[in-house]
Amino acid sequence: MATPQLLADLLAASGPSGHEEPAARVWRAAAEGFAEVTRDPVGNSYAHVGPGGRPTLALIGHIDEIGVAITHIEDNGLLSYTVVGGFSPEALFAQRVTIAGRNGPVRGVVGRRQLSPAERRDRPRIEHTELHIDIGATSRDEAAELVRPGDAGVWDGPLLELPNGRISSKALDNRLGAYIALEAARRIGETGSAFQPIAVAAVAEEVGLFGARTAAYSLNPTAALAIDVTYATDGPGGDPKRVGKVDLGGGVPISRGPMLNTRVFDLLVEAAEAEGIQHCFEIYTSDTMTDADVVHGARAGIPTGLLSIPLRNMHSPVEIASLDDIESVIRLTVAFAARLTADESFLR
């Protein structure tokens, strides 16, 4: 199975939280072929599919990714940084990065300060404060011609297609959700639903769920599905006893918990069973740490469900997902929309 071209283009684009414009432009350009496309001052992008005047179903996938932001330029031209979102320094050390600089992309590598033999023995762990970005500049002035404090960067590396329909890339968290939301909305527009689908490429999830909060207030949809990645439990260290058994290639994790609407959950399960869509369950007893948390509690309450894509190596440049799982999430979203009726009640 080949990677869909739109997904490949989204993964290739840069878009750390607060700097999502390149990825958002790719998403909106694709949506313009079949939807009314709008955006807001926060940076969210919307694709309204089909005629209005119906109940609305918001399909929300955040388009931002984790990254770095330049904080200081040293006299020798090396760059200090802070993280955008959360990830371990081990995932950044010895990697290549691309920074959105003054006049275009600036490429560099991440190095670690030289340690004495005693420090190497006593400090096996890496700290972000020990790392720096080297863009090849020989002085502060030379580096300052290329980048400014606040410029953001992301890992530099191409999409890798692996056997068995698996792919590895940066930013699978959560370009996958943004891609699925748009593709599902397109298919719903073709197959029909009593609800109007509105795909949302939400911003700033990694730093506080801010885009989805604004989108939920603005759209006030009748119902919503958040689409995000989740940890696969079938790799080393995975624990299915924590939230449920989630296998890479094992289908759609359908989430259940206090931040999610029970009727939406039931309809998702009914649709999956009726259509023979492979699925599993992910159980929460508090918040989900996804956009679903802020959407479900927005305004007077928005009935919200959460669909996920199993992911290995979360928050790293080599995240791994299954194209089969991606397709299953799209199919389930479409099947869910087809089961909705104009007078659907989500009251608990």
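Residues numbered from 1 in each chain as written. Predicted model: local features only at pLDDT ≥ 70, side-chain atom pairs only at ≥ 80, totals over all residues. Heavy atoms only, no water.

A. Quick look at the overall build of the protein chain. Check the secondary structure of the protein chain and you find ten helices and 17 strands. Relative to its length of 348 residues, the protein chain is compact, with a C-alpha radius of gyration of 21 Å against a globular reference of 20 Å. Expressed along its principal axes, the backbone C-alpha trace of the protein chain runs to roughly 65 × 40 × 40 Å. When burial is assessed residue by residue, the protein chain has 54% of its 348 residues classed as buried. Within the protein chain, contacts between residues separated by at least 24 positions form 75% of all contacts whose residues are at least 6 apart in sequence. Once the 31 positive and 45 negative side-chain charges of the protein chain are each reduced to a mean point, those two points are 2 Å apart. (Helix = DSSP H or I, 4+ residues; strand = E, 2+ residues; numbered from the N terminus. Rg over C-alpha atoms; globule rule 2.2 N^0.38 Å. Buried < 20%, exposed > 50% of the residue type's maximum accessible area, 1.4 Å probe, protein only. Contact = heavy atoms within 4.5 Å. Lys, Arg positive; Asp, Glu negative; His and termini not counted. Charge placed at Lys NZ, Arg CZ, Asp CG, Glu CD.)

B. Layout of the sheet that holds strand β10 (residues 160-162). Ordered by their spatial adjacency, three strands build an open sheet running β10-β11-β17, and the pairing between neighbours is antiparallel. Single-partner strands in this sheet number two, and they are β10 and β17 (319-322). Neighbour-to-neighbour, the strand axes of the sheet open up by a mean angle of 25°, direction not taken into account. Where β10 and strand β11 (residues 166-169) come together, three bridges link them in antiparallel fashion. Paired with Glu161 across the strands is Ile167, a residue of β11. Along the sheet face, helix α5 (residues 172-191) touches β11 and β17 and points at about 30° away from the line of β17. (Pairing = 2+ DSSP bridges. Axes fitted to C-alpha atoms, helices over the stretch in contact; angles between N-to-C directions.)

C. Spatial organisation of α5. With 20 residues, α5 extends 27 Å between its outermost C-alpha atoms, agreeing within 8% with the 28 Å of an ideal straight helix rising 1.5 Å per residue. In terms of burial, α5 is largely enclosed, as 15 of its 20 residues are buried. Following α5 by one or two positions, Gly192 adopts a phi angle in the positive range, close to 100°. (Expected span 1.5 Å × (residues − 1).)

D. Summary view of the environment of Ile126. Residue position: Ile126 is located in the loop between α3 (117-122) and β8 (131-134). In the structure, Ile126 is positioned 38 residues away from Ser88 in sequence and 8.6 Å away in space, judged by C-alpha atoms. If we ignore the near neighbours within four places in the chain, the residues touching Ile126 are Pro89, Glu90, Phe93, Arg112 and Leu131.

E. Molecular detail of the packing of α5 against helix α10 (residues 323-339). Two elements in contact, α5 and α10, have axes separated by 9 Å at closest approach and are oriented at 40°. Considered as vectors, α5 and α10 are oriented oblique to each other. Every pair of crossing elements has a handedness; the one defined by α5 and α10 is right-handed. Between α5 and α10, the residues in contact are Leu176, Tyr179, Ile180, Glu183, Ala184, Arg187, Ile188 and Thr191 and Ile326, Glu327, Val329, Ile330, Arg331, Thr333, Val334 and Ala337, respectively. Class assignment for the residues of the contact of α5 with α10 results in ten nonpolar, two polar and four charged. (Parallel < 35°, antiparallel > 145°, perpendicular 65-115°, else oblique. Left-handed = near helix turned anticlockwise from the far one by under 90°. Nonpolar A, V, L, I, M, F, W, Y, C, P; charged D, E, K, R; others polar.)

F. Just the packing of helix α2 (residues 21-31) against α5, in detail. The contact between α2 and α5 brings their axes to 11 Å, and the two run at 15°. Between α2 and α5, the angle is such that the two are roughly parallel. Relative to α5, α2 is oriented so that their crossing is right-handed. Across the interface between the two elements, Ala23, Trp27, Ala30 and Ala31 from α2 touch Arg175, Ala178 and Leu182 from α5. A class-by-class count of the residues in the contact of α2 with α5 yields six nonpolar, no polar and one charged.

Structural measurements only, silent on function.
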